[in-house]
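Here are the chains, one letter per residue:
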Amino acid sequence: MKFGGTSVATLPRWQNIRELVASRRAEGARVLIVVSALSGITDALKQLCAQGDKSKRIEAAAAIKQRHHELLEQMQLAPPEGLLARLDDLAQLAEDGPRVLGELAWQAQVQAHGELLSSTLGAAFLSATGVATQWLDARECLTAIALPNQNERTRLLSAMVEARPDPVLTARLAGLGEVFITQGFIAREGRDDGIAGRTVLLGRGGSDTSAAYLGALLKAQRVEIWTDVAGMFTANPRQVTGARLLQRLDYEEAQEIASTGAKVLHPRCLSPLREPRVPLLIKDTNRPELEGTVIGPEVREHAPSIKAISARKGITLISMESVGMWQEVGFLSDVFAYFKQHGLSVDLIGSAETNVTVSLDPAENLLDSDAIAALATDLAKVCRVKVIAPCAAISLVGRGMRSILHTLSGVLAEFGQLRVHLISQSSNNLNLTFVVDEEVVDALVPHLHDLLIGAGALRTDDSALFGPSWEALYGRGDVAPAAASWWRTDERQRLLDIAAKATPRYVYHLPTVRQQARELKKLAAVDRLHYAVKANTHPAILGALAEEGFGFECVSPGELRAVIAAVPESAPLLFTPNFAPRGDYEFALTTRATVSLDALHPLQYWGELFRDKEIVLRVDLGRGLGHHEKVRTGGSGSKFGLPVDQLDSFLRLADAHGVIVRGLHAHLGSGILDDSHWGEVYGQLASLAERIGSVSFIDIGGGLGVPSHPGEAALDIAGLDRVLREVKTAYPHYQLWMEPGRYLVADAGVLLARTTQQKGKGAFRYLGIDTGMNSLIRPALYDAWHQIVNLTQLDAPATALYQVVGPICESGDVLGTDRRLPEANEGDVMLIAQVGAYGKVMSSPYNMRDEAEEVVIE
Ligand SMILES: *Cc1c(COP(=O)(O)O)cnc(C)c1O
């Protein structure tokens, strides 16, 4: 068990250590405690070392002595002999200065005292409070190895130890006792000549590395790193408060996450544990009940997932253009020789026929402008050099990166907006790294984290791997917890009863529809809300939304008829078809619906039909909407909307038939969770409206998303309202309309089905249910992810990993891949969540299987 500086600085912290050790003893384990110096002491010792003035050094040593005496007093302990002797040692070293031992050896000897003191003090406290504890000198266990390219400084201040399981040491300790305490950060220099080596330091991440070395030497049951946070997260929690705790990682992934930016663990401390397969646990000292992160041998996973996104700042890129010929022999050797000569370690490499670009990471190098300038001067002898800084490296980390590339299109699109200097895919298939300008990183990382969750690339639905968010664990508590799904709490029994009568069945929860409607009514900037009925045309839902004051947006005569039958005549209607036949418009014009056109054809060929009517014009804003919507709706790749360059032709045709363009409309696409897009559409439509003159309302469409993956951020309605109000201030003369579908009904609907058969096939386990893509086509059609739970065994531990499939004769009939669920029994009721939108309305009679019935509950 390793405890850092703050964990050993006060009496309560030591009491805590005592309890943790006692609990491990109660489990029958023998415990080796590895401690850092009391917080602040290592810095104080470094300052002492930097002090040329002897009396100042003596003063500094006295202050350090004082600090330890104070803690002893708190502990109500008399200073133990060993501690007094070490404090005297330190005073002597301060007095002598470096002249006896030599500068670097003296520094190492002085700095080692931080851990020597804290461990001596700890042994006394633990023994005095009933946990008999042996003090162990780490220098007797850890011997530094000599490395090529090592100089005196790295040999003494940044040493490495080769830690192989050592049965002799293990047996020796077993004979000595049950609980030991030793020092992090220090080791002894190895020598061949039999003389006792000098004290050396392990450098950065020293104490964690000590714990790992000792864990490997003793082939420990496990190494526990006790720190101030529960483990590794999917992103830096200071940047992304929604970052999720990573509960299980293998050594390579953890090392990759640590090397690409996570500070909680030094990457060095994992490799000693890999060969002896000793697991490492990261635990929060203040919250020992939290599970923490377990790092161990590779866990066989069906579902490759991104595990983390990390960012490193302060990266310098060196671009080297060969001035000689293509593929000149020895070019790389020449340029890298200079990096070696300047003591600089290269991180990422990108290469082309005549160019090599590398990155230098400040964590591995002392990067000051002099060092870079000196390197550049030398490199200029063999190539043209360009230094690009400050940059940042953003890494996506996870095992099997290449097999998840296809899920990253949204993330890659985001990089399309930026200057990307270098892309590197690690040869171990564990990371994909983008080097960009440093200034964009803080805003970009949280956004990318959301996109990764939304794309299902960071599989936060897998509760065995991804724990709670940082916000949930450590947040200030003033954020509302994500609302528990209605079916999970109150209505579970009712749903089981409904399923007992028949399955498959869609069940709609009207209170959720109303709740979503009321949420949208908070949009003060919006003058009129319409429900896009194609999402779900159940009459009870239409009725409920009419009561909430919504209008209705229909795309076919069938929808118009359904709405007219279900809602009062006062409810406004919109008709927004696409490539509809002439007859549809003829019908719509006999109703009270406001009709929209999105092509020249209707006015060119059926102009008389629209004579003297007021219509809405739907436009395609094309490129103007940015990368996201470009992918979805914009531009000539989409069949919707009148291209803006045909606007003048449209207006001429309208004029010729006395048609008045009263509204301007655009619909972005579906499932948008980023409020800023709406302001853009609104602004663009309003500025087009200025050109037209007759427009009195702007309809910015639907497409409001609801989070579907666990941990995905919800659309910020208040934020959206702010964005819309801002545009409205500039264009107060237009009414603002919207027409959401999914947002209103998605969460209100669930699909209930029963399990049929199971089958194992290779590494896969298939779980069959009694309906499939005939009832819910979204997974097959859009790769949509829907939460699936076993409602019968809602709280049972999720121990199986299933492919959830239906009975349809199509290999695409898969409702959920790699789902961690309880071991299922035939007949268990399975619930597929968030199917209130585009569920039943898209179902089909395929395979002539019975359609799922619909049940509405209040
Ligand atoms: C489908 C559609 C909507 C609703 O989209 P959601 O993503 O369900 O909000 C709105 N307007 C038009 C024109 C549509 O075709």
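Basis of the calculations
- Residues numbered from 1 in each chain as written.
- Predicted model: local features only at pLDDT ≥ 70, side-chain atom pairs only at ≥ 80, totals over all residues.
- Heavy atoms only, no water.
- Pairing = 2+ DSSP bridges.
- Helix = DSSP H or I, 4+ residues; strand = E, 2+ residues; numbered from the N terminus.
- UniProt positions renumbered as here; feature names shortened; annotations may be inferred.
- Contact = heavy atoms within 4.5 Å.
- Axes fitted to C-alpha atoms, helices over the stretch in contact; angles between N-to-C directions.
- Expected span 1.5 Å × (residues − 1).
- Buried < 20%, exposed > 50% of the residue type's maximum accessible area, 1.4 Å probe, protein only.
- Arc of directions from axis to C-beta.
- Near = heavy atom within 4 Å.
- Polar contact = N/O pair within 3.5 Å; in protein donor to acceptor, adjacent residues only side chain to side chain.
- Areas by Shrake-Rupley, 256 points an atom, 1.4 Å probe, with all protein chains shown as cover.
- Salt bridge = Lys/Arg side-chain N within 4 Å of Asp/Glu carboxyl O.
- Disulfide = S-S within 2.5 Å.
- Core = buried A, V, L, I, M, F, W, Y, C linked by side-chain atoms within 4.5 Å.
- Right-handed = clockwise from strand over helix to strand, strands pointing away.

A few points about the pairing of strand E14 (residues 346–351)
Consideration 1: Two strands pair when backbone bridges link them, and E14 and strand E15 (residues 355–360) are joined in this way by four bridges, in the antiparallel orientation. Counterpart to Ser 351 in the pairing with E15 is Val 356.
Consideration 2: The turn linking E14 back onto E15 is made up of three residues.

Brief notes about the UniProt feature "active site" (unreviewed entry) in the protein chain
Consideration 1: What UniProt calls "active site" (unreviewed entry) maps, in this numbering, to Cys 809.
Consideration 2: Tracing the chain through its elements places Cys 809 in the loop between strand E33 (800–805) and strand E34 (814–821).
Consideration 3: If sequence neighbours within four positions are ignored, Cys 809 has contacts with Tyr 846 and Asn 847.

Regarding the sheet that holds strand E1 (residues 2–3)
Consideration 1: Read across the open sheet, the eight strands follow the order E3-E5-E2-E1-E8-E11-E12-E10; overall the sheet is mixed. Strand pairing shows two members of the sheet lacking a second neighbour, strand E3 (134–135) and strand E10 (248–250), which therefore form its edges.
Consideration 2: Relative to strand E11 (residues 280–284), strand E8 (residues 223–227) runs parallel, the two being bridged by five bridges. Along E11, the bridge assignment pairs Trp 226 with Lys 283.
Consideration 3: In the packing of helix H9 (residues 206–217) onto the sheet, contacts are made with E1, strand E2 (31–35), strand E5 (179–183) and E8, and the angle to E2 comes to roughly 155°.

Let's talk about helix H4 (residues 81–96)
Consideration 1: Look at H4: 23 Å from first C-alpha to last across 16 residues, which is about the 22 Å you get at 1.5 Å a residue.
Consideration 2: Where H4 is concerned, the buried positions are Leu 83, Arg 86, Leu 87, Leu 90, Leu 93 and Ala 94. Around the axis of H4, the buried residues are gathered within 115° of arc, so they sit on the same side. What points out from H4, more than 90 degrees from its buried face, is the exposed set Glu 81 and Asp 88.
Consideration 3: Following H4 by one or two positions, Gly 97 has its phi on the positive side, about 70°.

A closer look at the site of the ligand
Consideration 1: The full set close to the ligand counts 16 residues, and Lys 534, Ser 670, Gly 703, Glu 739 and Tyr 838 are the nearest of them.
Consideration 2: Side-chain polar atom of Lys 534 to an oxygen atom of the ligand: 2.7 Å apart, as the coordinates give it.
Consideration 3: Here an oxygen atom of the ligand and a backbone polar atom of Gly 741 are 2.9 Å apart.
Consideration 4: Here the ligand loses 94% of its free accessible area of 390 Å² to cover by the protein chains.

Points about the pattern of salt bridges
Consideration 1: Tallied over the full model, the rule gives 41 salt bridges.
Consideration 2: Among the ionic pairs, Lys 521 bridges to Glu 548, the shortest N-O distance being 2.8 Å. A residue pair is termed long-range when its members are at least 10 positions apart, and Lys 521 in helix H18 (residues 510–521) and Glu 548 in the loop between helix H19 (539–547) and strand E22 (551–554) qualify at 27 residues.
Consideration 3: Linking Arg 611 and Glu 608 is a salt bridge whose minimum nitrogen-to-oxygen distance equals 3.1 Å.
Consideration 4: Take Glu 608: its relative accessible area is 54%, and that puts it in the exposed class.

Remarks on the state of the cysteines
Consideration 1: On inspection of all chains with the given rule, the structure shows zero disulfides.
Consideration 2: Note on Cys 269: no disulfide assigned, nearest cysteine sulfur contributed by Cys 141 at a separation of 18 Å.

Remarks on the nonpolar core
Consideration 1: The biggest cluster of nonpolar side chains holds 98 residues, and the ones touching the most others in it are Tyr 531, Phe 552, Phe 610, Ile 700 and Leu 724.
Consideration 2: If you tally residues by element for this core, the top one is helix H25 (residues 676–692), at eight residues.
Consideration 3: Setting aside its immediate chain neighbours within four residues, Phe 610 contacts Tyr 585, Leu 589, Val 595, Leu 597, Pro 602, Leu 603, Ile 615, His 657 and Val 659.
Consideration 4: Membership of the second largest hydrophobic core comes to 86 residues, among which are Ala 138, Leu 201, Val 240 and Phe 466.

Comments concerning the pairing of strand E24 (residues 594–597)
Consideration 1: When strand E23 (residues 573–575) meets E24, the two strands line up parallel, connected through two bridges. Counted as the bridge partner of Leu 574 is Thr 594 from E24.
Consideration 2: Taking the sense of rotation as the criterion, the β-α-β connection linking E23, helix H21 (residues 582–590) and E24 turns out right-handed.
Consideration 3: Of the pairings in the sheet, the one linking E24 to strand E25 (residues 614–620) comprises three bridges and is parallel in character. What sits directly across from Leu 597, in E25, is Leu 617.
Consideration 4: Once you follow E24 into helix H22 (residues 601–606) and on to E25, the crossover reads as right-handed.

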